[in-house]
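Letter by letter, the chains look like this.
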Amino acid sequence: MHSELILGISAYYHDSAAVLLEDGRLVAAAQEERFSRKKHDEGFPFGAVEFVLKEGGRPLDEVAAVAFYDKPFLKFERLLETYHAFAPRGLKSFIAAMPVWIHEKLFMRGELLKALGRFSSGRIPPLLFPEHHLSHAASAFYPSPFDEAAVLTIDGVGEWATTSICRGSGKNLEVLRQLNFPHSLGLLYSAFTGFCGFKVNSGEYKLMGLAPYGNPDSERTRRFRESILERMVDLRPDGSFLLNMRYFDYATGLTMYNEARWRDLFGLPPRAAEEGQLEAAYMDLALAIQQVTEIIVVRLADTALSLTGCSNLCLAGGVALNCVANGKLLRSGKIKGLWTQPAAGDAGGALGAALAVHHIHTGAVRPAASGRDGMAGAYHGPAFSEQECAATCLSLGAPFRHFEDTAELCRTVAEKIAQGNVVGWFQGRMEYGPRALGNRSILGDPRNPDMQKHLNLKIKYREGFRPFAPSVLEERAAEWFDLDEPSPYMLLVAPVREDKRLPLPRGYADLPLWDKLYVQRSAVPAVTHVDYSARVQSVSRETNPRYHALISAFAELTGVPMLVNTSFNVRGEPIVRTPTDAYNCFINTEMDLLVLGNLLLDKKDQPARREADPRGRFEAD
């Protein structure tokens, strides 16, 4: 008897993805951007679907159901009702949006059937459409390590919901409360992202990274925060809120915010996109909206725990990627266990939709929690054999050194990193979600005070203020960070321990950004942010033994059980998927070494070959 296969799909907004479940077990998952090389690709995930079906070893004809991550008709209803409520505002936007909806999105079932037809010459499985926030909630609860939990999902908007609270128990998942459009924490944060000069739906993590440069004690930060809470956001004690839509244009317009009213409120013009000067006022504004976000998230979490009677909390939705807020939640002392879906954004909706169909629609029993989460490190994408890696090198004329012994490879690479080299590390199955977790990573020495600057400006070609994360051995994380539980998905920010910090120089608070940035503030300056925080990834021997072995080798050599870890890509480029992607990124940046499985490539040995400047090959992210 064949096992039950369910194909999950998210598409047509941003971060399209596909997953395959076999009897509820995650077989394969990938985002389309890794195949198309288009960041946040929103199109139908042809490459990802082809991959997950191939990984499952069964054709589409044998799939029991296809789950799509939201309900297009409800989205259309919201669009119509919103334009009607705000009329005559938004007529230009309405005229622009309607043809797309009427010709494409309103008839999503037909579009999906047509796309799926590429994978079948006969039967196409039935299509099922869980609601958007139910998909998010399912992606958070069902793979979590909890038998029961409160589930909080926060994003921009699905069909109507922008925030939802659910209770998960066994195979059951019940929606208890939701906040509807246009009142959205995700869209509020995105509006500030755009105002501060970053790309909406892409640059929110930059705003989060900029916030610690703001001055928490300044009158300006206090004034910005109070202006947000008094004029923009009517916040209630339970975390629910109403936005003053006089300040926002996203409901019916073509922009996120009303520029004239924001100028009046904050006394600032919008910052020039991406390249504008980063003045202290924008840092204080970033800090103010981050503080407001944390207040709202903590209140919503309190309400979720109270409503459900649970002590464990699961998170999903784009706002769940705000690892600073997650860290505040964990340190609040009110939560017994916190788990966040690593693919918390729309890509994770593909997984959640499939899980919702498996457990809610078909009624399949959920196995008892085992203590480890069901994502198994999020390593569910394509892998390439040593033979495939070697064939790529040979086809490119790229010399390499082969290691028979993995331990020797790890010792050699650890020595190279300790000497100041930057290493592209390409191993095993690609990660699902936005974070590189040790299989598609660029690695460096966290002790090196110049490493952050070097990685940002010479490798990633991105803004110099952006911090880097430490990958630390799970069993030794508490020696370096105030963190009492694992953080395998880089979704928690924790303070560096007091005994690892260095004192700040006199007059530090008055220094300009770039001078603050390069002050050495801990024994691991490359991963210590300006507020003594770090976005920690704890590495388990169980889920990624090879990466654990590399960090262990570095620890034996240096006494420091961690490495700098950033995603294997340049600014605006999706994370590399194939050995060829990895080699191109390696050869066109100032990376020193590339490791493909057990193959080590040294930049000095490579033939002179360089494409156009990588900074011009991709749009800014």
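Let me begin by describing the structure that accompanies this report. Bear in mind that the values here come from a model prediction, so they are computed numbers and not experimental data. (Residues numbered from 1 in each chain as written. Predicted model: local features only at pLDDT ≥ 70, side-chain atom pairs only at ≥ 80, totals over all residues. Heavy atoms only, no water.)

## Examining the overall build of the chain
Scanning the chain from N- to C-terminus turns up 20 helices and 21 strands. In summary, the chain has a C-alpha radius of gyration of 24 Å against a globular reference of 25 Å for 621 residues, a match within 12%. With the principal axes as the frame, the chain shows a C-alpha extent of 70 × 65 × 50 Å. Once local pairs closer than 6 in sequence are excluded, the contacts in the chain between residues at least 24 apart make up 71%. Taking the average location of the 69 positive side-chain charges in the chain and that of its 74 negative ones, the two points are 2 Å from each other. (Helix = DSSP H or I, 4+ residues; strand = E, 2+ residues; numbered from the N terminus. Rg over C-alpha atoms; globule rule 2.2 N^0.38 Å. Contact = heavy atoms within 4.5 Å. Lys, Arg positive; Asp, Glu negative; His and termini not counted. Charge placed at Lys NZ, Arg CZ, Asp CG, Glu CD.)

## Digging into the sheet that holds strand β12 (residues 337-340)
Pairing is mixed across the open sheet formed by five strands, whose spatial order is β8-β7-β6-β11-β12. The sheet is open, and its two edges are formed by β8 (172-180) and β12, each paired on a single side. Direction aside, the axes of adjacent strands within the sheet are offset by 20° on average. Bridge count for strand β11 (residues 312-316) against β12 is four bridges, and the pairing is parallel. Bridge pairing in β12 places C314 opposite W339. Sheet strands touched by helix α11 (residues 280-308): β6 (148-154), β7 (161-169), β8 and β11. Its angle to β6, the strand with the most contacts, is close to 145°. (Pairing = 2+ DSSP bridges. Axes fitted to C-alpha atoms, helices over the stretch in contact; angles between N-to-C directions.)

## Concerning the sheet that holds strand β14 (residues 423-426)
On the basis of which strands lie adjacent, the open sheet formed by nine strands has the order β13-β21-β20-β14-β15-β19-β16-β18-β17 and mixed pairing. At either end of the open sheet lies a strand with only one pairing partner, and these are β13 (401-402) and β17 (492-495). Two strands pair when backbone bridges link them, and β17 and strand β18 (residues 533-539) are joined in this way by four bridges, in the antiparallel orientation. Bridged to V493 within β18 is R535. Sheet strands touched by helix α14 (residues 386-396): β13, β14, β20 (593-596) and β21 (599-602). Its angle to β21, the strand with the most contacts, is close to 25°.

## Overview of the packing of aromatic side chains
Applying the stated rule across the entire model yields 21 aromatic pairs. Ring plane angle 55° and centroid distance 4.7 Å describe the contact between F44 and F46, whose orientation is recorded as tilted. Judged by its relative accessible area of 25%, F46 is partly exposed. The interplanar angle of 90° and the centroid separation of 6.0 Å between the aromatic rings of F248 and W262 together place this pair among those described as edge-to-face. (Phe/Tyr/Trp six-rings, centres within 6.5 Å; stacked < 30°, edge-to-face > 60°. Buried < 20%, exposed > 50% of the residue type's maximum accessible area, 1.4 Å probe, protein only.)

## Details of the packing of helix α7 (residues 185-195) against α11
One can describe the packing of α7 onto α11 by two numbers: an axis separation of 10 Å at closest approach and a directional angle of 175°. The angle between α7 and α11 places the two elements in the roughly antiparallel class. Residues L185, L188, Y189, F192 and F195 of α7 form the contact with α11, whose own contacting residues are Y282, L285, I289, Q290, T293, I296 and V297. Taken together, the residues that form the contact of α7 with α11 break down as 10 nonpolar, two polar and no charged. (Parallel < 35°, antiparallel > 145°, perpendicular 65-115°, else oblique. Nonpolar A, V, L, I, M, F, W, Y, C, P; charged D, E, K, R; others polar.)

## Quick look at the pairing of strand β15 (residues 440-444)
Of all five residues that make up β15, five are buried, and the element is covered over most of its length. Alternating positions in β15 separate into two faces, R440, I442 and G444 on one and S441 and L443 on the other, with burial throughout. Sheet topology places β15 next to strand β19 (residues 562-567); four bridges connect them, and they run antiparallel. Bridging across to β19, L443 finds its partner in N565.

## Details of the pairing of strand β3 (residues 25-31)
Most of β3 is tucked away: six of the seven residues are buried. Bridge count for strand β2 (residues 17-22) against β3 is six bridges, and the pairing is antiparallel. Each residue of the ladder has a partner; that of L21, found in β3, is L26.

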